[in-house]
Amino acid sequence: MKKILFSFFLAGSMASLSYGSSHREAPLIANDPLADNTDVYAFKSPDDPNSITIIANYIPTEFRNGGPNYYSFGENIRYEIHVDNDASTPGDDITYRFTFSKVNQDPTTFFDIRLGQENAKTTYMIEKSTDGGATFTTFMTGLTVPPPNIGERSIGNAPVGLGAANYDALIASSIYATPEGGQVFCGPSDDPFFVDLGGIFDLGDAPRQNNGGVVRDGLAKFNTHSIVMKIPVSVLQKDGLGVSSASNILDPNFVIGVWASASRQTTRTLTAGNQGYTGSWVQVSRLGMPLTNEAVIPVGKKDYWNSLTPYQELAETTLDEYFYNPELALYMDDSLFGGAVPAFAGLRIQRNSLQSFDFGNGQDGLWPLKGSAAVAGTALDDAVFGTLLLPAAGKPRSVDLWPIFHTGVPNMAPYQLATGKNGNPLAAGKPFISNFLPNGGDMLRLNMAVPATPRNSASFSSLGLVQAAVLGLTDPTYNATTAIQFIPNMDGFPNGRRLEDDVTRIELQAVSGVVLAAIGLWYDDYNASSSAQSPVTNLLVNVLNYSTGVEQNDVAFKTSFPYVASPWAGKD
């Protein structure tokens, strides 16, 4: 047994050594980059256990030397961060709205910065709503966005440029304390998302089977624009409680859902040398979970998906099919098109888990257990959550992929680690995650009671919950009991999302059934009739070892607010 555990741990460790998510992801928003919401992050602040940091990034693939007109937040756009913290109330419980304005301090020059003056100088105000967006009150005004990182002469040289000590000094001067006891920063930053874009969209060639196997972070050395807020837990928690009031690290009363959006007015009017906007506001971009619109929703539905709120999405059922039977799963199934995507060879889904359950597209998954004694008292029992998680036959991923993206999962069977289940995946096991908030669709759900894993810890892993599951199943420190324990990386994606999390790899592993495996629905090469066999089968090891080849950002993140790395300079 010890050997088995070692092997599994080794597999997990190897995986941790291996591999944003909505950049230009839909036809309409690809033509409107200033409103394009590229990524959202929500995580326990690593240097402050009493606060949560939320980051909403906009404007994809900013070229670092993009003068003479550099990228900046757009005017006439409503940038919003939305927070849901109470499933009993409809819609958002908290909304922060950011409105940006620009002025040319010296319109006689073609330079962006000259002689201490800055053109397209950007300031902003923040408004806040606590009634679902019906009304907003002014939260902060007169805030400044640092200029683009043009280069040393523009930023530092005086009197030719601005005369700043360096660019980081401008960032520091643009960090503001909020009335709620938090902090806010808005400005350009390095794009923190990392992925081999060229390989992924070359019909799934990740890791590269062609191009000599050479992988490349498609967003390396590109900038974006970040809205970063550090908010006390007591502000976000539905009853105003601080994290010290949580009953345990999985207290369900500390779950929040986070998403961001951008909206424009319906009518744009062009006049000679000018433009104006009128009409009602229309949502043109939104993001919660990474890669949803980019890799799950088909192109014919992407603009429609962007127009919906998560609350509308929960009631809109036609899009659910793309989660119940995801396209990506077609390429992880040898009976369908698995052979057509060699790069995904290590990713296979369970077609005969425990010699009983088929999670292939169009199959029934756990549906045959519907209404049986086996699911009584579990989250799959109609008496507990209705038909939410087992809605019908032919929807095999309604028990894993759909809830991960749409509701989060509760701390109850079957969503507990296989540790302690004694071979029955529907039995109670080791508590693992509690971010169930069934009040909307696609959001980034985070349990704020879960502590942060120190970034300098040897246990820190970009695999997030996948690595936490490996430790919970194999490490004697955690698998000797079914009691609630903090397992390193329980604060990682998809329990929120940290800057370091390798969401592309994690989501591909999830499509390949790794969540099902974690709760005891092992891969097909596990023989359920043999009590002596280890669930650490070749198929499971293959999934854990899968990597796209790009596993971290091209530059280190900061250890303190605003955490995102400084933007690349024009000279870089």
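Residues numbered from 1 in each chain as written. Predicted model: local features only at pLDDT ≥ 70, side-chain atom pairs only at ≥ 80, totals over all residues. Heavy atoms only, no water.

K.L.:
It is not clear to me how the sheet that holds strand β9 (residues 176–177) should be interpreted in this structure. Could you clarify?
P.N.:
Backbone hydrogen bonds are what pair the strands of a sheet, in a parallel or an antiparallel way. Strand order in the open sheet made by the 5 strands is β1-β2-β11-β10-β9, with antiparallel pairing throughout. Of all strands in the sheet, those bounded by a partner on one side alone are β1 (37–44) and β9. (Pairing = 2+ DSSP bridges. Helix = DSSP H or I, 4+ residues; strand = E, 2+ residues; numbered from the N terminus.)

K.L.:
What's the story with the pattern of salt bridges in this structure? I'm lost.
P.N.:
Where side chains of opposite charge bring their charged atoms close, a pairing between them can arise. With the rule as written, the count across this model stands at 20 salt bridges. Between Arg-208 and Asp-196 there is a salt bridge; the shortest N-O distance is 2.8 Å. Of this pair, Arg-208 sits in the loop between α4 (197–200) and β11 (222–232) while Asp-196 sits in the loop between β10 (183–190) and α4, placing them 12 residues apart in sequence. The partner of Asp-334 in a salt bridge is Arg-348, with the nearest N and O atoms 2.4 Å apart. Of this pair, Asp-334 sits in the loop between α10 (327–330) and α11 (382–385) while Arg-348 sits in the loop between α10 and α11; the two residues are 14 residues apart in sequence, bridging distant segments of the chain. On the basis of relative accessible area, Asp-334 is assigned to the exposed category, the value being 58%. Assessed through its relative accessible area of 11%, Arg-348 is described here as buried. (Salt bridge = Lys/Arg side-chain N within 4 Å of Asp/Glu carboxyl O. Buried < 20%, exposed > 50% of the residue type's maximum accessible area, 1.4 Å probe, protein only.)

K.L.:
I keep staring at empty space enclosed by the protein and nothing clicks. Help me out?
P.N.:
The gaps of empty space that remain are located by a probe, the size of a water molecule, rolled over the atoms. Considering only enclosed or pocket space, the largest cavity measures out at about 100 Å³ in volume. Taken together, Glu-62, Phe-63, Arg-64, Tyr-70, Tyr-71, Pro-148, Asn-149, Pro-188, Asn-223, His-225, Pro-567 and Trp-568 make up the full set of residues lining the largest cavity. Secondary structure elements with two or more residues in the lining of the largest cavity: β2 (51–63) and β11. In this structure, the second largest cavity spans a volume of roughly 40 Å³. (1 Å grid on protein atoms, 1.4 Å probe; cavity = no way out; pocket = protein on both sides within 12 Å on 5 of 7 lines; lining within 4 Å. Points joined across faces, edges and corners; volume = space filled by probe spheres on them.)

K.L.:
Would you explain the nonpolar core in this entry?
P.N.:
Most often, soluble globular proteins keep nonpolar side chains buried together rather than apart. Formed by 138 residues in total, the largest nonpolar core has its most connected members in Phe-98 and Tyr-124. The element best represented in this core is helix α13 (residues 465–474), accounting for 7 residues. Beyond its immediate sequence surroundings of up to four residues, Tyr-124 is in contact with Phe-98, Thr-99, Phe-100, Thr-141, Gly-142, Leu-143, Thr-144, Val-145, Tyr-176, Val-184, Phe-185 and Cys-186. (Core = buried A, V, L, I, M, F, W, Y, C linked by side-chain atoms within 4.5 Å. Contact = heavy atoms within 4.5 Å.)

K.L.:
Hey, could you run me through α13 in this one?
P.N.:
An α-helix turns once per 3.6 residues; consequently, residues spaced three or four apart project the same way. With 10 of 10 residues buried, α13 lies mostly within the body of the structure. Taken residue by residue, α13 has Leu-465, Val-466, Gln-467, Ala-468, Ala-469, Val-470, Leu-471, Gly-472, Leu-473 and Thr-474 as its buried positions.

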